[in-house]
Amino acid sequence: MDTDKTRRKHFVRVFCGIDWAEDHHDVAVVDDEGKLLAKRRISDDAEGHRLLLEVLAEYDSREALVPVAIETSHGLLVAALRLAGRPIYAINPMAASRYRDRHAVSRKKSDHGDAVVLANILRTDMASHRPLPEHSELSRAITVLARAQQDAVWNYQQLSNQLRSLLREYFPAALTAFQHLQGGLTRRDARAVLELASTQGKAARLSRSQLRAALKRGGRQRGIDADAERIQAVFRAEYLRHTPMVEEAMGLQMLAVLRQLDAACKAADELAESLQARFREHPDAHIVTSFPGLSDLAGARVLAEIGDDRSYFTSARALKAYAGSAPVTRASGKVRIVTHRVVKNRRLASCGYVWTLTALRASPGARMHYKHRREVGDRHSSAQRNLFNKLLGQLYHCLQTRQTYNESRAFSQPAQALAA
């Protein structure tokens, strides 16, 4: 009771650090003078989370809840702290490692020590870090789906490259048959044909009716007869071949990779469908998709990375830095170097690459801006990054003011400059 009365009379700022692990977490609570008030090791289950909240509640005040520093922004532990209304600071592990060196030059390390370091980061430099944004539940669901879908796309691209490399070793006719089609080996009709034609010998024996049936199973609706005839001619041409036993073994290897590719493509398609459905429910969807180059899928990926907490990015410049489109200046003495950002949200930067390529075809203003950057000496990648930087600033403005994209206003100044 005396401790509680003292705490109410003299407000003491308290900070918490959590060193998380797979099956347990170390918790440290320090005051504003760095004195250790409490330390616990909690389990990674409901009981452990309950104990953590009880420990933090002991040091809460009427003025503020105890802020928490942790080296992750995901997981059930973070979700439990979010539901409790706790301010959460996700500290970059590299930054935490640098802070650790301030406390022990011997480079010693322990889980409890790391928790104390995280708590002291908030005690000394909380103003230099930002709490996790308060995105809506719908926005967080879109983020989960968008990242999962993007991972599935990257997965099937990797498997497609493996399949292409394997076919080049023993069955080049398959590459010749589908390389000119958009999507190549990832197309459903290409995968349906390869399921029947796992080796050069099997492919050469396929009839046109079998090829037509495979193309139909793959979703083809037009040009089936002509394509079946073309593929048959490619398969029956003369190629170098392995011995029968080796070719059969490589065919079995190809089918194994093909099954993985089928699963990855199906997962990407299903996740894309769910993602677009969720994205259309969001109140910002019509603003995002009003921009040239942003479809439901691409727009959902952009929204997933910037979220819908409009107070999180204090300016368009902050958003551009987060996306990596804003340049970085390094100045020391007489040396001044301006270069592109390496530390950035790589998912958002990847979306920006696709966004600008599509915008160049859909927007005259974007094409004019890109052309102008090229004329003043920018390389393709720099001009494209500059266009992404401009589009991102416009998106920030439109989301803040609840406006849709307007082509004449978005690129009016570059157009006048080029006309002159």
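Residues numbered from 1 in each chain as written. Predicted model: local features only at pLDDT ≥ 70, side-chain atom pairs only at ≥ 80, totals over all residues. Heavy atoms only, no water.

(A) Examining the overall build of the protein chain more closely. What the protein chain contains, in helices and strands, is 20 helices and seven strands. Its C-alpha atoms give the protein chain a radius of gyration of 28 Å, clearly above 22 Å, the size a compact globule of 420 residues would have. In terms of principal-axis extent, the alpha carbons of the protein chain reach across some 90 × 65 × 50 Å. A burial count over the protein chain gives 42% of its 420 residues as buried. Counted over contacts in the protein chain with a minimum sequence separation of 6, partners at least 24 positions apart contribute 62%. (Helix = DSSP H or I, 4+ residues; strand = E, 2+ residues; numbered from the N terminus. Rg over C-alpha atoms; globule rule 2.2 N^0.38 Å. Buried < 20%, exposed > 50% of the residue type's maximum accessible area, 1.4 Å probe, protein only. Contact = heavy atoms within 4.5 Å.)

(B) How the structure looks around the sheet that holds strand S4 (residues 68-70). With mixed pairing, the five strands of this open sheet are ordered in space as S3-S2-S1-S4-S5. The sheet is open, and its two edges are formed by strand S3 (36-43) and strand S5 (88-90), each paired on a single side. Strand after strand, the sheet turns through a mean of 20 degrees between neighbouring axes, direction not considered. Bridge analysis of S4 against S5 gives three bridges, and the strand direction is parallel. Residue pairing for S5: Ala 69 is matched across the bridge by Tyr 89. The sheet contacts of helix H2 (residues 46-59) involve strand S1 (14-20), strand S2 (24-31), S3 and S4, and relative to S3 the element is tilted by about 165 degrees. (Pairing = 2+ DSSP bridges. Axes fitted to C-alpha atoms, helices over the stretch in contact; angles between N-to-C directions.)

(C) Seen up close, the environment of Val 27. Structurally, Val 27 is set in strand S2. Sequence separation between Val 27 and Arg 40 is 13 residues; the distance between their C-alpha atoms is 5.1 Å. Beyond its immediate chain neighbours, meaning those up to four positions away, Val 27 contacts Cys 16, Gly 17, Ile 18, Ala 38, Lys 39, Arg 40, Ile 42, Leu 52 and Ala 115.

(D) Up close: the packing of helix H8 (residues 188-196) against helix H12 (residues 244-281). Between H8 and H12, the shortest axis-to-axis distance is 11 Å and the interhelical angle comes to 155 degrees. What the angle tells us is that H8 and H12 run roughly antiparallel. Two packed elements cross with a definite hand, and for H8 against H12 that hand is left-handed. Contacts from Arg 191, Leu 194 and Glu 195 in H8 reach Met 254, Leu 255, Leu 258, Leu 261, Asp 262 and Cys 265 in H12. Looking at side-chain class alone, the contact of H8 with H12 contains six nonpolar, no polar and three charged residues. (Parallel < 35°, antiparallel > 145°, perpendicular 65-115°, else oblique. Left-handed = near helix turned anticlockwise from the far one by under 90°. Nonpolar A, V, L, I, M, F, W, Y, C, P; charged D, E, K, R; others polar.)

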